[in-house]
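Chain by chain, the residues run as shown.
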Amino acid sequence: MAKRKTKRTTNPEHPRLPVLKTYKMFVGGKFPRTESGRHYTPRVKGRGLGNFCLASRKDLRNAVVAARAAQASWAERSAYNRSQILYRIAEMLEGRRGQLIDELEIQGATEGQAASEVDQSIERVVYYAGWCDKYQQVFSSVNPVASPHFNFSVLEPTGVVFHVASENRPLLGLLSLVLPILAGGNTVVCLASSTRPISAITLSECLATSDVPAGVVNVLTGQLAELSAHFAGHREINAIALDRPPRSKNSIAQSIRETAADSLKRVHVYNLNWARGENQNPYLIRDFCEVKTVWHPVEQISSSGPGY
Amino acid sequence: MSLANSNIETNLTMKPTLDPNWPSSPALESRDSVRLAKSYGLFVNGEFTPSSGNRKYWTINPANEQRLSRISESTAGDVDRAVQAARNCYEKQWSRLRPAERGKYLYRIARLIQERSREFAILETLDGGKPIRESREIDIPLAAAHFFYYAGWADKLPYAFPNRKPQPLGVAAQVIPWNFPLLMAAWKIAPALACGNTVVLKPAETTSLTALLLAEIIQQADLPPGAVNILTGHGPVGQALVEHPGVDKVAFTGSTRVGKSIQRALAATDRRCTLELGGKAAHLLFADAPIDQAVEGVVNGIYFNQGHVCCAGSRLLVEESVSDEVIEKLKQRMGTLRVGEPLDKNTDIGAIHSRQQWNTIQQYLESGQADGATMYQPDCPLPKSGFWSRPTLFTGVSQSNRISQEEIFGPVLAVQTFRTVAEAIGKANNTRYGLSAGVWTTKGSRVLNLAAQLKAGVIWANSYNQFDPASPFGGYGESGFGREGGLHGLSAYLTY
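Residues numbered from 1 in each chain as written. Chains lettered and ligands numbered in written order. Predicted model: local features only at pLDDT ≥ 70, side-chain atom pairs only at ≥ 80, totals over all residues.

Structural notes on the overall build of chain B
Right, on to step 1. The secondary structure content of chain B amounts to 15 helices and 20 strands.
Right, on to step 2. By the compact-globule yardstick of 23 Å for 496 residues, chain B fits well, its C-alpha radius of gyration being 22 Å.
Right, on to step 3. Taking the principal axes of the C-alpha coordinates as reference, chain B spans close to 65 × 55 × 40 Å.
Right, on to step 4. With 496 residues in all, chain B has 58% of them scored as buried.
Right, on to step 5. Across chain B, the fraction of contacts at a sequence separation of at least 24, relative to all contacts at a separation of at least 6, is 74%. (Helix = DSSP H or I, 4+ residues; strand = E, 2+ residues; numbered from the N terminus. Rg over C-alpha atoms; globule rule 2.2 N^0.38 Å. Buried ≥ 20, exposed ≤ 12 C-beta atoms within 10 Å, placed from the backbone. Contact = placed C-beta atoms within 7 Å.)

See the structure below:
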């Protein structure tokens, strides 16, 4: 098992035996192991990272049930409240900064890379926390129709999103899509990086102790190839965020899109360098929103024009 | 906008005394201003050309089953040719044109449609069966308005997408349905051209005539050859077009079944796609609504264009305390609707679009009765030839009946009742579709609550079936994705 960096020891002559961690998933605000009892051991430079849950179809379905149950009340919160809840995540991450850096190093990053990824991740949380109560004004409109109607368009969340997280940026990549998905009022089930799953689990622990309601974020660990047909076909999932080079891995994007067509899911494939500043933007929030347009007649007694 | 302008207060508390069999003098629109060719070719690279396969089929008038003209069936070679023409034009001319100039071409098209609107209206009614009043007052003016609206966007795109650099996608493949032939062509072509793309459009096989007249206008407007290409023919032509490797963008309006097959067919590509598909919209009618006005709106919502409307209000959820009154008034109002010759300016309900669609509607009428619902149709006379369906209302419908779950695409209304707001919302949202919904109440806070709770892309409150080029249109769930109209409609045709 991978060794953690020990900065201080109490007694150099008698090094203590570290306590190893059992890694669990994060579903409905709880930390279950997989119901299937299966595990896998990702390795970095030949060393195993630990025994991680190999999520089953049943685990996936449980996570979707949790995400669906949480969705309406998450969307109904005021934008200001969602903003504060997201900001609280940044506070939690700041406190775990050291641990998050250590774990990225264990998963293969250099010290510099790890520190930079963690810092950018925290900045990104603050960035999207600020968007929660602003994107609606940027993207909404009052539409100047010719007839005497008041007509406006607003964004609403698409619903439950399944997110296949970045393989290579286990923390920054995951947050770079989870945050806009949450900001827009959706709930999410994430499949963590399969080769570097530790950061997603530590992030889950931060979320569990933050103000994010149970079920709003759910994190599974496991294999994309094993789960893709199940989430692509699940009718309670409304959209898929696939963070993969579009045509890699025997065209997993293709098979996901094919199956997703049965329920007309919105499938977004991303292949962005999340370290770049321009790849944080409110257009990612809009990707997981639907435009709703509302018409209402305007009384035509004292005026004769259409109104707006 | 069609049967009654919803902003005009109506007060039909008295029972209408109009006898449905009361004869009216025919007020037929003259066909004189329309000259139909014996047959039509394809419009490729700015010219009308025969299909390479030389196969033709008849397009008929559904009101009398008479043959109108022969339409060319495109081949795979024609699809190649059209996509190539669109590509050439995109690379050499259209994408290099100054945006303001692109806009001026679109303004020209808008004006030419207005100038020739009479021809367009008559052709639309002859070929599709819709009442001339609707073609003249809705389809054609709205089509012109779409070109006029998007013309102005051509040189203003950076203002629509802050902090981005919008760029055209390339060649857009567009496949449209038969229910609003010219209007759907305008919805597709106008934003595509405004954003700097070129177009290959396939109209529905049964309604090619106005698309081909539009091609003539595009020639008259002197657009660069290849900017717009129009391929006629049946489903396989559309399939070959959307799957053609030279296409950068697919836009489809039509059935959910075909929409899914397109999404599946494009799975191996990163081609952009927008789908505007079916619906099963519900009206929610509350006891505090102005009942007469609401009845007028419900009638407009389902019987407009024979119910051949993706956003047709095909379900009525009415609050139990007023359901008897509402159903009685609906029946009275249905009794005054005139079904018949679409070219007659008195006609409210025209011809069912095709024998195939007529068969589909009959199957649903049988299914509704077999499931135990009670069917009502007014006793109105129907013409001898052609395809006709009386306006139909089902009561005693349950949530699981096919007539309350599946899109019929005909003049058939399924009525259910509710007691609480929560029940109404639950029933309205109990559908895979999510295109539109109607709300009838005088309570402002309830309008705004329901507008937020109903899972649909368009909410018509105390109104129904309103359309405007500035207003985004499109659905949730299995009604498709992407929006047409307004600033939102631009993003389907841009990359950044």
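Focus on the packing of helix H3 (residues 97–106) of chain A against helix H4 (residues 111–131) of chain A
Residues and elements named next belong to chain A.
Right, on to step 1. Direction vectors running N to C along H3 and H4 enclose 135 degrees, while the axes themselves pass 8 Å from each other. On the basis of their axis angle, the class for H3 and H4 is oblique. The handedness of the crossing between H3 and H4 is right-handed. Only Glu111, Ala114, Ala115, Glu117 and Val118 of H4 make contact with H3, whose side of the interface consists of Arg97, Leu100, Ile101, Leu104 and Glu105. (Axes fitted to C-alpha atoms, helices over the stretch in contact; angles between N-to-C directions. Parallel < 35°, antiparallel > 145°, perpendicular 65-115°, else oblique. Left-handed = near helix turned anticlockwise from the far one by under 90°.)

Things to note about unusual backbone geometry
Residue and element names in this part refer to chain B.
Right, on to step 1. One non-glycine residue with positive phi stands out, namely Phe409, at about 65 degrees.
Right, on to step 2. Tracing the backbone through its elements, the reader meets Phe409 in the loop between helix H13 (402–405) and strand E16 (412–418).
Right, on to step 3. Its 25 C-beta neighbours within 10 Å are what place Phe409 among the buried residues.
Right, on to step 4. Even without being a glycine, Asn462 presents a positive backbone phi close to 45 degrees.
Right, on to step 5. Following the sequence through the fold, Asn462 ends up in the loop between strand E18 (458–461) and strand E19 (480–481).

What about the interface of chain B and chain A?
Right, on to step 1. The interface of chain B with chain A comprises 33 residues on the first partner and 29 residues on the second.
Right, on to step 2. Elements supplying a minimum of two residues to the side of chain B that touches chain A: helix H9 (256–265), helix H15 (444–453), E18 and E19 of chain B.
Right, on to step 3. Of the residues contributing to the side of chain B that touches chain A, the split by class is 13 nonpolar, 14 polar and six charged.
Right, on to step 4. Relative to E18 of chain B, strand E12 (residues 289–297) of chain A runs parallel, the two sharing three bridges. Bridge pairing links Trp295 of chain A to Trp460 of chain B in E18 of chain B. (Nonpolar A, V, L, I, M, F, W, Y, C, P; charged D, E, K, R; others polar. Pairing = 2+ DSSP bridges.)

Some remarks on the sheet that holds strand E4 (residues 56–61) of chain B
Residue and element names in this part refer to chain B.
Right, on to step 1. One open sheet holds the three strands; their spatial order is E1-E5-E4, and the pairing between them is mixed. The open sheet has two free edges, formed respectively by strand E1 (39–40) and E4, since each of these has just one partner strand.
Right, on to step 2. Direction of pairing for E4 relative to strand E5 (residues 66–72): antiparallel, over a ladder of six bridges. Residue Tyr57 lies in a different strand from E5, and its bridge partner there is Ile71.

With respect to the pairing of strand E10 (residues 249–253) of chain B
Residues and elements named next belong to chain B.
Right, on to step 1. Here E10 lies mainly inside the structure; five of its five residues are buried.
Right, on to step 2. Neither face of E10 is exposed, since Lys249, Ala251 and Thr253 on one face and Val250 and Phe252 on the opposite face are all buried.
Right, on to step 3. As judged from the four bridges shared by strand E7 (residues 171–175) and E10, these two strands associate in the parallel manner. Across the sheet, the residue bridging to Ala173 is Val250, located in E10.
Right, on to step 4. When E10 meets strand E11 (residues 272–276), the two strands line up parallel, connected through five bridges. Bridging from a neighbouring strand, Lys249 pairs with Arg272 of E11.
Right, on to step 5. The β-α-β motif built from E10, the intervening H9 and the parallel element E11 has right-handed crossover chirality. (Right-handed = clockwise from strand over helix to strand, strands pointing away.)

Let's talk about the domain arrangement of chain B
For an interface, size is often stated in terms of accessible area lost upon the parts coming together.
Residues and elements named next belong to chain B.
Right, on to step 1. Once the domains are mapped, chain B shows domain 1 (39–277 + 476–495) and domain 2 (282–461).
Right, on to step 2. Here the C-alpha centre of domain 2 lies 30 Å away from the C-alpha centre of domain 1.
Right, on to step 3. Each side of the interface is counted separately: domain 1 has 20 residues, and domain 2 has 25 residues.
Right, on to step 4. Going through the elements one at a time, helix H3 (117–128) and helix H4 (132–153) are the ones with two or more residues in the side of domain 1 that touches domain 2.
Right, on to step 5. Here the side of domain 1 that touches domain 2 gets three residues from one element, more than from any other, and that element is H4.
Right, on to step 6. For the side of domain 1 that touches domain 2, the per-class residue count stands at six nonpolar, eight polar and six charged. (Domains from an automatic or database assignment.)

Thoughts on the pairing of E18 of chain B
All names here are of chain B.
Right, on to step 1. A two-sided burial pattern is seen for E18, the buried positions comprising Val458 and Trp460 on one face and Ile459 and Ala461 on the other.
Right, on to step 2. Bridge count for strand E17 (residues 436–440) against E18 is four bridges, and the pairing is parallel. Pairing of Ser436 across the sheet is with Val458, part of E18.
Right, on to step 3. With H15 bridging E17 and the parallel E18, this β-α-β connection has right-handed handedness.

Considering the environment of Asn271 of chain A
Residues and elements named next belong to chain A.
Right, on to step 1. Its place among the elements puts Asn271 in the loop between strand E11 (266–270) and helix H10 (283–287).
Right, on to step 2. What makes Asn271 partly exposed here is the crowd of 14 C-beta atoms within 10 Å.
Right, on to step 3. Sequence separation between Asn271 and Arg244 is 27 residues; the distance between their C-alpha atoms is 5.6 Å.

Some details on the sheet that holds E11 of chain A
All names here are of chain A.
Right, on to step 1. Overall, parallel pairing links the five strands, which are arranged E9-E8-E7-E10-E11 in an open sheet. In the strand order of this sheet, the two ends are held by strand E9 (217–220) and E11, each with one partner. In this sheet, neighbouring strand axes are inclined to one another by 15 degrees on average, regardless of whether the strands run parallel or antiparallel.
Right, on to step 2. Strand direction decides the pairing type here: strand E10 (residues 239–243) and E11, joined by five bridges, are parallel.

A look at the packing of H3 of chain B against H4 of chain B
Residues and elements named next belong to chain B.
Right, on to step 1. Packing of H3 against H4 brings their axes to within 9 Å, and their N-to-C directions diverge by 125 degrees. Compared by their axis directions, H3 and H4 come out oblique. Viewed along their axes, H3 and H4 form a crossing whose handedness is right-handed. Across from Ser117, Phe120, Ala121, Glu124 and Thr125 in H3, the residues of H4 making contact are Ile132, Ser135, Arg136, Asp139 and Ile140.
Right, on to step 2. By residue class, the composition of the contact of H3 with H4 is four nonpolar, three polar and three charged.

Overview of helix H10 (residues 291–303) of chain B
Residues and elements named next belong to chain B.
Right, on to step 1. Relative to the 18 Å expected for 13 residues at 1.5 Å per residue, H10 spans 18 Å between its end C-alpha atoms, a close match to the ideal helical length.
Right, on to step 2. Counting buried positions along H10 gives 11 out of 13 residues, so the element sits mostly inside the fold.
Right, on to step 3. Looking at H10, one finds that the buried residues are Gln293, Ala294, Val295, Glu296, Gly297, Val298, Val299, Asn300, Gly301, Ile302 and Tyr303.
Right, on to step 4. Buried residues belonging to H10 abut strand E12 (282–285), strand E13 (315–319), helix H11 (320–335), E16 and E17.
Right, on to step 5. Directly after H10, the chain includes Asn305, whose backbone phi takes a positive value near 55 degrees. (Expected span 1.5 Å × (residues − 1).)

Focus on the environment of Ala160 of chain B
All names here are of chain B.
Right, on to step 1. Looking at where Ala160 falls in the secondary structure, it is placed in helix H5 (residues 157–160).
Right, on to step 2. Classification of Ala160 by C-beta neighbours within 10 Å gives partly exposed; the count is 16.
Right, on to step 3. Along the primary structure Ala160 and Ser491 are separated by 331 residues, whereas in three dimensions their C-alpha atoms are 9.0 Å apart.
Right, on to step 4. Once residues within four sequence positions are removed from consideration, Ala160 is found in contact with Leu487 and Leu490.

Remarks on the nonpolar core
Right, on to step 1. Ranked by internal contacts, the top residues of the largest apolar core, which has 250 residues, are Cys190 and Ile240 of chain A together with Leu106, Leu285 and Ile459 of chain B.
Right, on to step 2. Looking at this core element by element, the count peaks at 12 residues for H4 of chain B.
Right, on to step 3. Those residues in contact with Ile459 of chain B that sit more than four places away from it in its chain are Lys292, Val294 and Trp295 of chain A together with Ala437, Val439, Ala451 and Leu454 of chain B. (Core = buried A, V, L, I, M, F, W, Y, C linked by C-beta atoms within 7 Å.)

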